[in-house]
Amino acid sequence: MRNTILDSLINYSGDTFDKSDSIGKHLTLLLNSRKGTLAHLPEYGLPDITSIYQNLPHSIHSFVESIRKTIMQYEPRLQNVKVQPLPIHQEDCIIRIQITGNVIFGELLHFESYFMSGGGVKLKKYWDNKNNYHA
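Here the structure is a predicted model, which means the values were calculated and not measured.

When helices and strands are tallied, the protein shows 4 helices and 5 strands. Each helix and strand of the protein, placed in order from N terminus to C terminus, yields the pattern α-α-α-α-β-β-β-β-β. Counting only residues that meet the buried cut, the protein has 39% of its 135 residues in that class. By sequence separation, contacts in the protein at least 24 residues apart represent 36% of the contacts at least 6 residues apart. A total of about 7,900 Å² of accessible surface is found on the protein, and carbon and sulfur atoms cover 54% of it.

The next point concerns helix H2 (residues 19-32). For H2, which comprises 14 residues, the first-to-last C-alpha distance of 20 Å matches the rise-based estimate of 20 Å (1.5 Å per residue) to within 8%. Inspection of H2 places Ser20, Ser22, Ile23, Gly24, His26, Leu27, Leu30 and Leu31 among the buried residues, and these make up the whole buried set.

A few words on the packing of aromatic side chains. Two aromatic rings, taken as a pair, are described by how far apart their centres are and by the angle between their planes. Tallied over the full model, the rule gives 1 aromatic pair. Ring centres of tyrosine 44 and tyrosine 74 lie 5.0 Å apart, and the angle between their planes is 75°; on these two criteria the pair is classed as edge-to-face. Here tyrosine 74 lies in helix H4 (residues 60-74) and tyrosine 44 lies in the loop between H2 and helix H3 (50-54), a separation of 30 residues in the sequence. One exposure class covers both tyrosine 44 and tyrosine 74, and it is buried.

By the element assignment, valine 64 lies in helix H4. By relative accessible area, which is 7% here, valine 64 ends up buried. Considering only alpha carbons, one finds valine 64 and glutamine 98, 34 residues apart in sequence, at a separation of 9.6 Å. The contact partners of valine 64, leaving out residues within four places of it in the chain, are Val83, Gln84, Pro85 and Ile97.

This brings us to unusual backbone geometry. One non-glycine residue with positive phi stands out, namely asparagine 80, at about 50°. Locating asparagine 80 in the fold gives a position in strand E1 (residues 78-86). A relative accessible area of 55% places asparagine 80 in the exposed class.

Once that is clear, we can look at the packing of H2 against H4. Between H2 and H4, the shortest axis-to-axis distance is 11 Å and the interhelical angle comes to 125°. By the angle between their axes, H2 is oblique relative to H4. Note on packing geometry: the crossing formed by H2 with H4 is right-handed. In this structure, H2 uses His26, Leu27, Leu30 and Leu31 to contact H4, whose residues at the interface are Ile67, Thr70, Ile71 and Tyr74. Residue composition of the contact of H2 with H4, grouped by class: 6 nonpolar, 2 polar and no charged.

Another aspect to go through is H4. Taking 1.5 Å of rise per residue, 15 residues should cover 21 Å, and H4 covers 21 Å from first to last C-alpha, within 8% of that figure. Among all positions of H4, only Ile60, Phe63, Val64, Ser66, Ile67, Thr70, Ile71 and Tyr74 are buried. Down the axis of H4, the buried side of the element spans an arc of 160°, and every buried residue falls inside it. Among the exposed residues of H4, those pointing more than 90 degrees away from its buried face are His61, Lys69 and Gln73. Taken together, the buried residues of H4 touch H2, H3, E1, strand E2 (95-103) and strand E3 (108-115).

Attention shifts here to the nonpolar core. Counting residues in each nonpolar core, the largest one holds 27 residues, and the members touching the most others are Ile67, Ile71, Leu78 and Phe115. Contributing elements (two or more residues each) for this core: H2, H3, H4, E1, E2, E3 and strand E4 (121-127). Among the elements that line this core, the one with the most residues is H4, at 6 residues.

Quick notes on the rules
- Residues numbered from 1 in each chain as written.
- Predicted model: local features only at pLDDT ≥ 70, side-chain atom pairs only at ≥ 80, totals over all residues.
- Heavy atoms only, no water.
- Helix = DSSP H or I, 4+ residues; strand = E, 2+ residues; numbered from the N terminus.
- Buried < 20%, exposed > 50% of the residue type's maximum accessible area, 1.4 Å probe, protein only.
- Contact = heavy atoms within 4.5 Å.
- Areas by Shrake-Rupley, 256 points an atom, 1.4 Å probe, with all protein chains shown as cover.
- Expected span 1.5 Å × (residues − 1).
- Phe/Tyr/Trp six-rings, centres within 6.5 Å; stacked < 30°, edge-to-face > 60°.
- Axes fitted to C-alpha atoms, helices over the stretch in contact; angles between N-to-C directions.
- Parallel < 35°, antiparallel > 145°, perpendicular 65-115°, else oblique.
- Left-handed = near helix turned anticlockwise from the far one by under 90°.
- Nonpolar A, V, L, I, M, F, W, Y, C, P; charged D, E, K, R; others polar.
- Arc of directions from axis to C-beta.
- Core = buried A, V, L, I, M, F, W, Y, C linked by side-chain atoms within 4.5 Å.

Quick look at the structure:
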């Protein structure tokens, strides 16, 4: 698989990237972006998550659906995307989600990410269908 433009800009050496690494990097950028910040792609990113936190737990399902639709629109390398909320720990009140999808050529990827209280998102870990762990 050829590198994306983003991969080429990040990796000046020209080394090839693993598909799951490339998709993970893009998902991190996508989930950390907010709608309306890119003039040429006004729908790129997620809505402001402040209101999501204020309305928990009732807002989680609509937020998860928003994430799924955004991934389906802006990450075409993933198909059959499923996004599920994970239990929220009351002591840290961090929204955690699991993202699962198939790469176009069949590889199954699992991502776990968490939304920090300041609004940033980290992709915590992901696995491919060969049970390889990637940090």
